[in-house]
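# Coordinate inspection notes
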Amino acid sequence: MPRLPLGDVVDRGVDWLQFHLSWLFDAISSFVTGMYDGIDAALSAPEPLLFAGVLAVLAWWLRGLLAGVLAFAGFALVDSIELWDEAMSTLSLVLVATVVTLAIAVPLGIWASRSKTVSAIIRPVLDFMQTMPAMVYLIPGIIFFGVGVVPGIIATIVFALPPGVRMTELGIRQVDKELVEAAEAFGTTPKDTLIRVQLPLALPTIMAGVNQVIMLGLSMVVIAGMVGGGGLGGAVYRAIGNVDIGLGFEAGVSIVILAMYLDRITGELGRQVSPLGRRAIARAKEAAGGPSLWNYRPQPVVALVGVVILALVAGGMGVFGGAGKADEERAGGIGKGREVTIGYIPWDEGIASTFLWKEVLERRGFAVETQQLEAGALYTGLAGGQIDFQTDAWLPITHATYWKKYASELEDLGPWYGPTSLELSVPSYVKGVDSLDDLKGQSARFEGRVIGIEPSAGMMGLLKDKVLKEYGLTGEYKVIDGSTPGMLAELKRAYQKKEPVLTTLWSPHWAYSTYDLKKLKDPKNAWGKGDGVHTVARKGFSADQPEIAQWLKDFRLTEKQLTDLEAEIQQAGKGEEQDAVRTWLSENPQVEKAMAPQ
Amino acid sequence: MIVSFQRREVYVSRLQSEHLYKVFGRRPDEAVRRLEEGADRAELRSDGTTAAVIDASFTVEPGQTFVVMGLSGSGKSTLLRMLNGLLAPTAGRVLFDGQDLTALSPRELRAVRSTKISMVFQHFALFPHRSVLDNAGYGLEVQGVSAPERRRRATEALELVGLAGWEDSWPDELSGGMQQRVGLARALATDADLLLMDESFSALDPLIRRDMQDQLLELQKTLKKTIVFITHDLNEAMRLGDQIAVMRDGRIVQLGTAEDILVTPADDYVASFTQDVDRSRVLTAGAIMADADSAYGMVTDSGRKLTCAKDVLAAAPITVMADAPIVGLFTPCSATDAPVAVVDDSGELTGVVPRSRLLAVLGEPMGSPEPAAKTASLSTPDADLDAREVARA
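These numbers come from a predicted model, not from an experiment. (Residues numbered from 1 in each chain as written. Chains lettered and ligands numbered in written order. Predicted model: local features only at pLDDT ≥ 70, side-chain atom pairs only at ≥ 80, totals over all residues.)

### As for the overall build of chain B
This is how it is decided: Secondary structure elements follow DSSP: runs of H or I no shorter than four residues count as helices, runs of E no shorter than two count as strands, and numbering proceeds from the N terminus. Once C-beta atoms are placed from the backbone, each residue is buried if 20 or more other C-beta atoms lie within 10 Å of its own, exposed if 12 or fewer, and partly exposed for counts between those two. Placing a C-beta atom from the backbone of each residue, one calls two residues in contact when those atoms lie within 7 Å.
Of the regular secondary structure elements, chain B holds 20 helices and 13 strands. Put simply, chain B has 393 residues, and 39% of those count as buried. When contacts within chain B are restricted to residue pairs at least 6 apart in sequence, long-range pairs at least 24 apart make up 67% of them.

Quick look at the structure:
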């Protein structure tokens, strides 16, 4: 069987599209971004609790008092765990994705319901969209649209489109044929048949599709978080990366609260907007009997007035309270408000150095934005020019694949920390194993397993092909492919039960300060020389921002400085990174001077 | 001039079907050619084409009720849908109100459907998301009639079918019979001349069905619509139809009045249908009467000899008009040998129905093998057993 160059074809196709259709992608990107920014601004403007009240009144109107109370309690919880802004940007992301999805899905579904050919063509395409793993088209998505919310929204649309189309088609096809025939028999035009008969009767099914679209959208927010979508997805992704179970749970619960709210509200809205649904409600009411507090619903007018008043109050409060915080320190300085975007992978040294630079650059008058990304997305974003620089490139070994792919689009501003090292580690309570040599014949203690990370990571290849071979461990040990969070979770579990565990690890890593671990010595030097942690910028950055480029080239941190800063950030907790940096800088003023001499 | 005037005269509000064919499947035109050459339905089916309607020709005069009768799959619903263009005929023409409907553009056809032809469906086909009033006014809405006018005419139509006061109800609140009345009101509201009714009463239970038939007959007395009514129930066909077409396997096998079909069925198939018909309600005195002369010379129970029309009228247990169903003649006839007198509008004797004739027409048409077979089966042991069971009971 000859090897079909399917992948190469796709590769070339993506390049071709990027080259020839960039105007289209730019247009889509600015349209989606504009929509997202608008909705996000509107949603996050009001005081959280008042806006929660607005949402609660909506729930009360549609589903009754209990639903209203629960909705308020849920959103109050989101606010109290300080995830309100994230929740609102996630909500905006989902809303934008839903609106765009429906704008495409409903007409497509109608078309498919009227033509067997269209239906037959669309079906496999929908299957493809729904089952193709999202990460596969996320990276091309970044190439086309750049990092940020757009590829996240596009991925959500691609994923959520199929049920929207299918439910619309199904709903229309399910309409009693005799009714359609009746409409035709009285001379109704096809267009009016659709509007007067088919759509109203298909509406309950279509609304079920809308509900599905929203739910699938919410399930995609985590993936959107990996490409810079931010919001609750970003929080979850970051929590996973740091094995921060608490934050993960908080962000997860917030997503669940949003999901349940949207599910119940759209479900009820589906019944309210369709005439058939209203008939069903009216009949249920007759059956239920007299009024009570629990099934009392404010009349639409009353509810609307209530919502408007609450919204106005909420909006007013937002004007006084919300905005305006950020702009204080930006005005003067050498930066003159020029914008800089720093991307980072949510690894400790990345977070520490990124927020250190954010603080320092803001003090110099730059407007700095930070974006949390997955490694592949980060490099793609840099190469595409949406990210100015990142401080966490492990070169030349660990990030070799990315470097090889994008070197021509990037500038290496040199290492600021190093050398790093790759190693196998065991907890210090594992006696008698101090060096890779000691592992021979010990496989029973570790169940013959080395807990690995992502199989794509550079060090995994090195471990399998070189390190195990040189120490004669091939066959005795099996390298378990997995993920960094998975490896860290396994380490945590084993550590708490004091079980022997053998993990792939690297320095610097917070695990060494959290757990008492031994790095296994490498007398044969099989791991090779360590990486340096480099700063990498997009091509042309040093020409555009010569001062920053020079500062970055001169940037150095010692192991002590980095570990201290990481510890400070760890203590301050999520969302307070920049405060932690300020505290640390006030104790280490010489670092700032060295970083950016004025 | 005169010629064209006459042609038009022939068309006006009369419905004509000329050699209509409907073939589903591949190469329908070739199938029509083969059917014209005498191929039958089974031959075509083996090629994967289905001939639903084959060579259907008939004329419905204005104000007439034309019933198409047949079992399911006989093509009657397909035929009906070609009459208003919901299905395009494979061959043939439909002429209505001076127009060849098969030659119209889709837009023109829709205009005809919205103003001149309306339809009543088997399962009512009411729009569940519209109130009764909005359902009744649907056709008017399509015509673009203004809302107040629509309301007025829909209310009128509902009154006509006996649903005054139900305007603001919803279809799901009505019984089946009432729903079909809404369906009828919807069809009547547009003032269309031609009413197509597709098994409209089949889904109703027998008592309601009878009510609806009565109501339709009653409405028809004043409205005088041209109606094409589809049914699989011969009793219904005979009650409603001025003319009946019996369809089988896509072909019209007999076309005639109820009595034609009952008294002289075209073939065994039609005859077997008529077995279940209540002849006493379908046959009329006029259809079975003998000449008045035949009664002359008869001697009655009381010893009186009938010699003239006056004698016959005096002796007759009952005197009826020609269109009276014979069901009403049995009880009077049981009391006396004298024949029933049939008179015309002016009271002149036009014929007589003797008791013997009354009994003869109730039996099977001549030549039907069925009764003989039944008699034979009586002699089997099982039948004897049944008979004994019956006797004991």
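Now that the structure has been shown, the text picks up again.
### Section: the overall build of chain A
Across its full length, chain A holds 26 helices and 10 strands. With the C-alpha coordinates aligned to their principal axes, the bounding extent of chain A is approximately 90 × 65 × 55 Å. The buried share among the 598 residues of chain A stands at 44%. Across chain A, contacts joining residues at least 24 apart in sequence account for 81% of those joining residues at least 6 apart.

### Brief notes about the interface of chain A and chain B
We count it as follows: The classification used treats Ala, Val, Leu, Ile, Met, Phe, Trp, Tyr, Cys and Pro as nonpolar, Asp, Glu, Lys and Arg as charged, and all other residues, Gly among them, as polar.
Every contact between the two is made by 16 residues of chain A and, on the other side, 19 residues of chain B. The element contributing the most residues to the side of chain A that touches chain B is helix H9 (residues 177-185) of chain A, with six residues. Looking at the side of chain A that touches chain B, its residues break down into nine nonpolar, three polar and four charged.

### A word on the pairing of strand E2 (residues 367-372) of chain A
Residues and elements named next belong to chain A. Where we set the bar: A strand pair is defined by DSSP finding two or more bridges across the two strands. Crossovers are marked right-handed if the path from the first strand over the helix to the second runs clockwise, as seen with the strands pointing away from the viewer.
Pairing of strand E1 (residues 339-344) with E2, which is carried by six bridges, proceeds in the parallel orientation. Its bridge partner being in E2, Glu 339 is matched across the sheet by Ala 367. In this fold, E1 hands off to helix H16 (residues 348-363), which returns the chain to E2; that crossover is right-handed.

### Points about the nonpolar core
Defined as follows: Linking buried Ala, Val, Leu, Ile, Met, Phe, Trp, Tyr and Cys residues through C-beta atoms within 7 Å yields a set, and such a set is a nonpolar core.
If you look at the biggest cluster of nonpolar residues, it comprises 237 residues, and the most contacted ones within it are Leu 55 and Ile 153 of chain A together with Ala 185 and Val 340 of chain B. Ranked by residue count, the leading element in this core is helix H5 (residues 84-114) of chain A, at 15 residues. Beyond its immediate sequence surroundings of up to four residues, Leu 55 of chain A is in contact with Ala 71, Phe 75 and Tyr 261 of chain A. Listed in part, the 32 residues of the second largest apolar core include Val 426, Leu 473, Met 487 and Ala 494 of chain A.

### What to know about the confidence of the model for chain A
Residues and elements named next belong to chain A. Note the following rule: In predicted models, pLDDT denotes the confidence assigned by the predictor to each residue on a 0 to 100 scale.
Mean pLDDT for chain A: 84, with 93% of residues reaching 70 or above. Within chain A, H5 carries the highest mean pLDDT (92), whereas helix H15 (residues 300-321) carries the lowest (64). Contacts from residues 319-331, a stretch scored under 50 in pLDDT, to residues over four places away or in other chains number nine contacts.

### Describing the domain arrangement of chain B
Which entries qualify depends on this criterion: Where each domain starts and ends comes from a domain assignment, either automatic or drawn from a database.
Assigned domains within chain B: domain 1 (2-17 + 60-116 + 192-277) and domain 2 (285-362). Once you take the C-alpha centre of each, domain 1 of chain B and domain 2 of chain B turn out to be 35 Å apart.

### Here we look at the sheet that holds strand E5 (residues 99-100) of chain B
Residue and element names in this part refer to chain B. Our working rule: Between N-to-C directions, angles span 0 to 180 degrees; the directions come from axes that are lines fitted to C-alpha atoms, helices contributing only their stretch in contact.
The four strands are arranged E2-E1-E4-E5 in an open sheet whose pairing can be described as antiparallel. Here the strands that pair on one side only, and so sit at the sheet edges, are strand E2 (50-60) and E5. Sheet analysis places strand E4 (residues 91-96) next to E5, joined by two bridges and oriented antiparallel. Each bridged residue has a counterpart across the sheet, and for Leu 95 the counterpart in E5 is Asp 100. The sheet strands contacting helix H2 (residues 28-36) are strand E1 (15-24), E2 and E4, and the helix crosses E1 at an angle near 115 degrees.

### Quick look at the UniProt feature "transmembrane region" (unreviewed entry) in chain A
All names here are of chain A. Test applied: UniProt positions are given in the numbering used here, feature names are shortened, and annotations may be inferred rather than shown by experiment.
As annotated in UniProt, the feature "transmembrane region" (unreviewed entry) corresponds to residues 49-78, 90-113, 134-161, 213-236, 243-262 and 301-320 in the numbering used here. In residues 90-113, the share of helix is 100% and the share of strand is 0%. The end C-alpha atoms are 33 Å apart. Helix makes up 90% of residues 243-262 and strand 0%. Its end C-alpha atoms lie 29 Å apart.

### Structural notes on the packing of H16 of chain A against helix H25 (residues 577-587) of chain A
Residue and element names in this part refer to chain A. Here is the rule: Oblique is the label for every angle not falling under 35 degrees (roughly parallel), over 145 degrees (roughly antiparallel), or within 65 to 115 degrees (roughly perpendicular).
Direction vectors running N to C along H16 and H25 enclose 75 degrees, while the axes themselves pass 9 Å from each other. When the interaxial angle is binned, H16 and H25 end up roughly perpendicular. Along the contact surface, H16 presents Ile 351, Phe 355, Leu 356, Lys 358 and Glu 359, while H25 presents Glu 577, Gln 578, Val 581, Arg 582 and Leu 585. Taken together, the residues of the contact of H16 with H25 break down into five nonpolar, one polar and four charged.

### With respect to the sheet that holds strand E11 (residues 319-321) of chain B
All names here are of chain B. The mixed open sheet is built from three strands, whose spatial order is E11-E12-E13. Two strands lie at the open edges of the sheet, namely E11 and strand E13 (349-353), each paired on one side alone. In this sheet, neighbouring strand axes are inclined to one another by 35 degrees on average, regardless of whether the strands run parallel or antiparallel. In this sheet, strand E12 (residues 340-343) lies alongside E11 in parallel orientation, the contact comprising three bridges. The partner of Val 320 across the bridge, within E12, is Val 342.

### Examining helix H17 (residues 375-384) of chain A
Residues and elements named next belong to chain A. Among the 10 residues in H17, eight count as buried, and that is most of the element. Of all the residues in H17, the buried ones are Ala 375, Ala 377, Leu 378, Tyr 379, Thr 380, Gly 381, Leu 382 and Ala 383. The first or second residue beyond H17 is Gly 385, which carries a positive phi of 90 degrees.

### Some thoughts on H9 of chain A
Think of an α-helix as 3.6 residues a turn; residues three or four steps apart then line up on the same face. Of all the residues in H9 of chain A, the buried ones are Leu 179, Ala 182, Ala 183, Glu 184 and Ala 185 of chain A. Against the buried residues of H9 of chain A lie helix H10 (190-219) of chain A together with helix H5 (106-115) and strand E6 (117-120) of chain B.

### Some thoughts on the packing of H10 of chain A against helix H13 (residues 245-273) of chain A
All names here are of chain A. Relative orientation of the contacting elements H10 and H13 amounts to 170 degrees, with a least axis distance of 9 Å. Judged by the inter-axis angle, H10 sits roughly antiparallel to H13. Here Leu 203, Pro 204, Met 207, Ala 208, Val 210, Asn 211, Ile 214, Met 215 and Leu 218 of H10 lie close against H13, whose contacting residues are Ile 255, Leu 258, Ala 259, Leu 262, Asp 263, Thr 266, Gly 267, Gly 270 and Val 273. Its residues assigned to classes, the contact of H10 with H13 shows 13 nonpolar, four polar and one charged.

### Structural notes on the domain arrangement of chain A
Residues and elements named next belong to chain A. Under the domain assignment, chain A is made up of domain 1 (88-285), domain 2 (332-419 + 533-595) and domain 3 (421-519). A C-alpha centroid distance of 29 Å is found between domain 2 and domain 3. Tallying the contact residues gives 12 residues for domain 2 and seven residues for domain 3. Mapped onto the side of domain 2 that touches domain 3, the elements with two or more residues apiece are H16, helix H18 (400-406) and helix H24 (559-572). With five residues, the single largest contributor to the side of domain 2 that touches domain 3 is H24.

### Topic: the environment of Arg 248 of chain B
Residue and element names in this part refer to chain B. When you line up the elements, Arg 248 lands in strand E9 (residues 243-248). For the pair formed by Arg 248 and Gly 73, sequence separation is 175 residues and the distance between their alpha carbons is 8.3 Å. Ignoring anything within four residues of it in the chain, the contact list for Arg 248 reads Gly 70, Ser 74, Val 253 and Tyr 269.

### Some thoughts on unusual backbone geometry
Residue and element names in this part refer to chain A. Cis geometry is found at the peptide bond from Leu 395 to Pro 396, where omega equals 10 degrees. With respect to the element layout, Pro 396 can be found in the loop between strand E3 (389-395) and H18. The omega torsion of the bond from Ser 507 to Pro 508 falls at 5 degrees, within 30 degrees of zero and hence cis. Here Glu 447, not a glycine, exhibits a phi torsion of approximately 55 degrees, which is positive. You can see Glu 447 is positioned in the loop between strand E5 (421-427) and strand E6 (449-451).

### Quick word on the pairing of E13 of chain B
Residues and elements named next belong to chain B. Direction of pairing for E12 relative to E13: antiparallel, over a ladder of four bridges. Its bridge partner being in E13, Val 340 is matched across the sheet by Val 353. The hairpin formed by E12 and E13 contains five residues between the paired strands, and Gly 347 there has a positive phi angle of roughly 90 degrees.

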